[in-house]
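Residue-level listing of the chains:
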Amino acid sequence: QVQLVESGGGLVQAGGSLRLSCAVSGSFFSINDMGWYRQAPGKQRELVAAIASAGSTNYADSVKGRFTISRADAKNTVYLQMNSLKPEDTAVYYCNADISLTRYHRFNYYWGQGTQVTVSE
């Protein structure tokens, strides 16, 4: 069974930084794209940043220049470095990964349980 476990959320003042981590565990064959999404109260879940297996990245306009996504394939882990945090970044952040369980399985997206990020004024 594949699990995605996030860590690193918390409470921070505006202008501060946090680093989120998401480790993939369990039995699987390969990981393709990985990413971070967030959902604020009363809003839809939105893409924050994504990184392909080859390393190309994609960011939401609202976080460009402030957030950096990276991955450590040897650790099956994806990171989100968040700098210059703003109150509007407050949300539950979810990790997402495109995973194939065996060489014969198609890729499917799996989700973590989410980690709360709260940015105070």
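Use the structure listed above.
Just so it is clear, the model here is predicted, and its values are computed rather than measured.

Visitor: Can you lay out the overall build of the protein for me, pointing to particular residues and giving the numbers?
Guide: In terms of helices and strands, the protein carries zero helices and eleven strands. Element order for the protein, N to C, with α for helix and β for strand: β-β-β-β-β-β-β-β-β-β-β. Taken over C-alpha atoms, the radius of gyration comes to 14 Å for the protein, in line with the 14 Å a tight globule of 121 residues would show. On the principal axes, the C-alpha backbone points of the protein span a range of 50 × 25 × 25 Å. In the protein, which comprises 121 residues, the proportion classed as buried is 40%. Long-range pairs, those at least 24 residues apart, make up 56% of the contacts in the protein between residues at least 6 apart in sequence. Summed over its atoms, the accessible surface of the protein is roughly 6,600 Å², and 47% of this surface lies on carbon and sulfur atoms. Of the charged side chains in the protein, 11 are positive and 9 negative; the average position of the first set lies 5 Å away from that of the second.

Visitor: Account for the nonpolar core, naming residues and giving values.
Guide: Trp 36, Leu 80, Met 82 and Tyr 93 are the most contacted members of the largest nonpolar core, which has 30 residues in total. At five residues, strand 9 (residues 91-100) tops the list of elements feeding residues into this core.

Visitor: Break down the sheet that holds strand 1 (residues 3-7) for me, citing the residues and quoting the values.
Guide: Spatial ordering of the open sheet is given by 1-3-8-7, a layout of four strands whose pairing is antiparallel. Sheet topology places strand 1 and strand 7 (67-72) at the edges, where each strand pairs with a single neighbour. Direction aside, neighbouring strands of the sheet carry axes that sit 15° apart on average. With five bridges joining them, strand 1 and strand 3 (residues 18-25) adopt antiparallel strand pairing. The residue bridging Leu 4 from the neighbouring strand is Val 24, located in strand 3.

Visitor: How would you explain the pattern of salt bridges if you had to name every residue and give the values?
Guide: Going through the model one piece at a time under the given rule, you end up with five salt bridges. Note that Arg 66 is salt-bridged to Asp 89, the shortest N-O span being 2.8 Å. You can see Arg 66 sitting in the loop between strand 6 (57-59) and strand 7 and its partner Asp 89 sitting in the loop between strand 8 (77-82) and strand 9, a full 23 residues away along the chain.

Parameters and conventions
Residues numbered from 1 in each chain as written. Predicted model: local features only at pLDDT ≥ 70, side-chain atom pairs only at ≥ 80, totals over all residues. Heavy atoms only, no water. Helix = DSSP H or I, 4+ residues; strand = E, 2+ residues; numbered from the N terminus. Rg over C-alpha atoms; globule rule 2.2 N^0.38 Å. Buried < 20%, exposed > 50% of the residue type's maximum accessible area, 1.4 Å probe, protein only. Contact = heavy atoms within 4.5 Å. Areas by Shrake-Rupley, 256 points an atom, 1.4 Å probe, with all protein chains shown as cover. Lys, Arg positive; Asp, Glu negative; His and termini not counted. Charge placed at Lys NZ, Arg CZ, Asp CG, Glu CD. Core = buried A, V, L, I, M, F, W, Y, C linked by side-chain atoms within 4.5 Å. Pairing = 2+ DSSP bridges. Axes fitted to C-alpha atoms, helices over the stretch in contact; angles between N-to-C directions. Salt bridge = Lys/Arg side-chain N within 4 Å of Asp/Glu carboxyl O.

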